[in-house]
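These are the residues of each chain, in order.
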Amino acid sequence: VQLVESGGGLVQAGDSLRLSCAASGRTFSNYAMGWFRQSPGKEREFVATVTGSGGRSYYADSVKGRFAISRDNAKNTVYLGVNSLKPEDTAVYYCAAQNYAGAYPSTTLAGYEYWGQGTQVTVSS
């Protein structure tokens, strides 16, 4: 599975963005899709994940209520809507794919087999 993120940029606090991750190479709906992020000097952390059907999604507490993950299996794309951005949301955002068909996809880095190159989100105060 090849993953390519897009949609990052430089924004002001309170702004919104929609990140996209286009997948190719395998049957997209067979994969749970996750978003992770990594800030300078910090470890990569879980942000959100969605099941293969798109029916269930899970979020890190730090983004719950502000971020929304969704997917369009017809377009082989997963999205992350990021709202009310804060300077502490500044990070490289990565999408990842997990070959998993269940209702509880992984929230850990080790659970994902495929990763994109990331897209930078910078939030100024």
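Note on numbering: residues in each chain are counted from 1, in written sequence order. With pLDDT at 70 or above as the cut-off, local features in this predicted model cover only qualifying residues; side-chain atom pairs require 80 or more to be listed or tallied, and sums for whole chains, interfaces and linings still use all residues. To obtain the side-chain values, all non-hydrogen atoms of the structure were included, while hydrogens and water were left out.

Visitor: So what's going on with the nonpolar core? Which residues, and what values?
Guide: If you look at the biggest cluster of nonpolar residues, it comprises 32 residues, and the most contacted ones within it are Met 33, Trp 35, Leu 80 and Tyr 93. Mapped onto this core, the elements with two or more residues apiece are strand 3 (17–24), strand 4 (31–38), strand 5 (45–50), strand 7 (67–72), strand 8 (77–82), strand 9 (91–99) and strand 11 (119–124). Helix numbering and strand numbering both begin at the N terminus, where a helix is a DSSP run of H or I of at least 4 residues and a strand a DSSP run of E of at least 2. Counting residues per element, this core draws most heavily on strand 9, which supplies 5 residues. For this analysis, a nonpolar core means a set of buried residues of the types Ala, Val, Leu, Ile, Met, Phe, Trp, Tyr and Cys, connected via side-chain atoms within 4.5 Å. For every residue, the accessible area obtained with a 1.4 Å probe (protein chains only) is divided by the maximum for its type, and the residue is called buried under 20%, exposed over 50%, and partly exposed between those limits.

Visitor: Summarise the pattern of salt bridges; cite the residues concerned and give the values.
Guide: A pair is scored as a salt bridge if a Lys or Arg side-chain nitrogen falls within 4 Å of a carboxyl oxygen belonging to Asp or Glu. Evaluated as defined, the whole model comprises 4 salt bridges. Measuring nitrogen to oxygen at the nearest pair gives 2.7 Å for the salt bridge that ties Arg 37 to Glu 45. According to the relative accessible area criterion, Glu 45 is partly exposed, its value standing at 34%. Residue Asp 89 is joined to Arg 66 by a salt bridge in which the shortest nitrogen-to-oxygen separation is 2.8 Å. With Asp 89 in the loop between strand 8 and strand 9 and Arg 66 in the loop between strand 6 (57–59) and strand 7, this pair connects stretches of sequence that are 23 residues apart. Salt bridges linked by common partners bring Arg 37, Glu 45, Arg 66 and Asp 89 together as one network.

Visitor: Break down the packing of aromatic side chains for me, citing the residues and quoting the values.
Guide: Only Phe, Tyr and Trp rings take part, Trp by its six-membered ring, and two of them pair if their centres are within 6.5 Å. Stacked means planes under 30 degrees apart, edge-to-face means over 60, and tilted covers everything else. According to the stated counting rule, one finds 6 aromatic pairs in the structure shown. Each ring, one from Tyr 58 and one from Tyr 104, has its centre 6.1 Å from the other, and the planes form 40°; the classification is tilted. Placement of Tyr 58 in strand 6 and of Tyr 104 in the loop between strand 9 and strand 10 (114–115) is noted, with a sequence separation of 46 residues between them. Looking at Tyr 104, the relative accessible area reads 57%, which means it is exposed. Here the aromatic cluster, defined as three or more aromatic residues joined through ring pairs, consists of Phe 36, Phe 46, Tyr 112 and Trp 115. Looking at Arg 18, its charged tip hangs above the ring of Tyr 79, at a distance of 4.1 Å from the centre. Note on geometry: a ring has a charge over it if NZ (lysine) or CZ (arginine) is within 6 Å of the ring centre and within 35 degrees of the ring normal.

Visitor: Any details on the environment of Ala 97? Residues and values, ideally.
Guide: Looking at the secondary structure, you find Ala 97 in strand 9. For the pair Ala 97 and Asn 30, spaced 67 residues apart in sequence, the C-alpha to C-alpha distance is 9.5 Å. Residue contacts are counted whenever heavy atoms from the two residues lie within 4.5 Å of one another. Every residue in contact with Ala 97, bar those within four places of it in the chain, is listed here: Val 1, Leu 3, Tyr 31, Ala 32, Met 33, Tyr 112, Glu 113 and Tyr 114.

Visitor: If you had to explain the state of the cysteines to someone new, which residues and values would you point to?
Guide: What counts as a disulfide here is a pair of cysteine sulfur atoms lying within 2.5 Å. Enumeration according to the criterion identifies 1 disulfide in this entry. The partner cysteine of Cys 21 in its disulfide is Cys 95, sulfur to sulfur 1.9 Å. Looking along the S-S bond of the Cys 21-Cys 95 disulfide, the torsion reads about 45°, which is the right-handed sense. Of this pair, Cys 21 sits in strand 3 while Cys 95 sits in strand 9, and the two are 74 residues apart along the sequence.

Visitor: Hey, could you go over the side chain of Thr 49 for me, with residue numbers and the actual values?
Guide: The residue Thr 49 is located in strand 5 in this model. According to the relative accessible area criterion, Thr 49 is buried, its value standing at 0%. A distance of 3.1 Å separates a polar atom in the side chain of Thr 49 from the backbone oxygen of Met 33. Non-local contacts of Thr 49, meaning those with residues more than four positions away in its chain, are made with Met 33, Gly 34, Arg 56, Ser 57, Tyr 58, Ile 69, Pro 105, Ser 106 and Tyr 112. Pairs of N or O atoms are called polar contacts if they sit within 3.5 Å, as long as, within protein, a hydrogen donor faces a hydrogen acceptor (for residues adjacent in sequence, only side-chain-to-side-chain pairs).

Visitor: Break down the sheet that holds strand 3 for me, with residues and values.
Guide: Reading across from one edge, 1-3-8-7 is the order of the 4 strands in this open sheet, with antiparallel pairing throughout. Two strands bound the open sheet, and with one partner strand each, they are strand 1 (2–6) and strand 7. When the angles between neighbouring strand axes are averaged without regard to direction, this sheet yields 15°. Bridge analysis of strand 3 against strand 8 gives 6 bridges, and the strand direction is antiparallel. Bridged to Leu 19 within strand 8 is Leu 80. When DSSP finds at least two bridges between two strands, those strands are taken to pair. Angular values range over 0 to 180 degrees, each being the angle between N-to-C directions of two axes fitted as lines to C-alpha atoms, with helices fitted over their stretch in contact.

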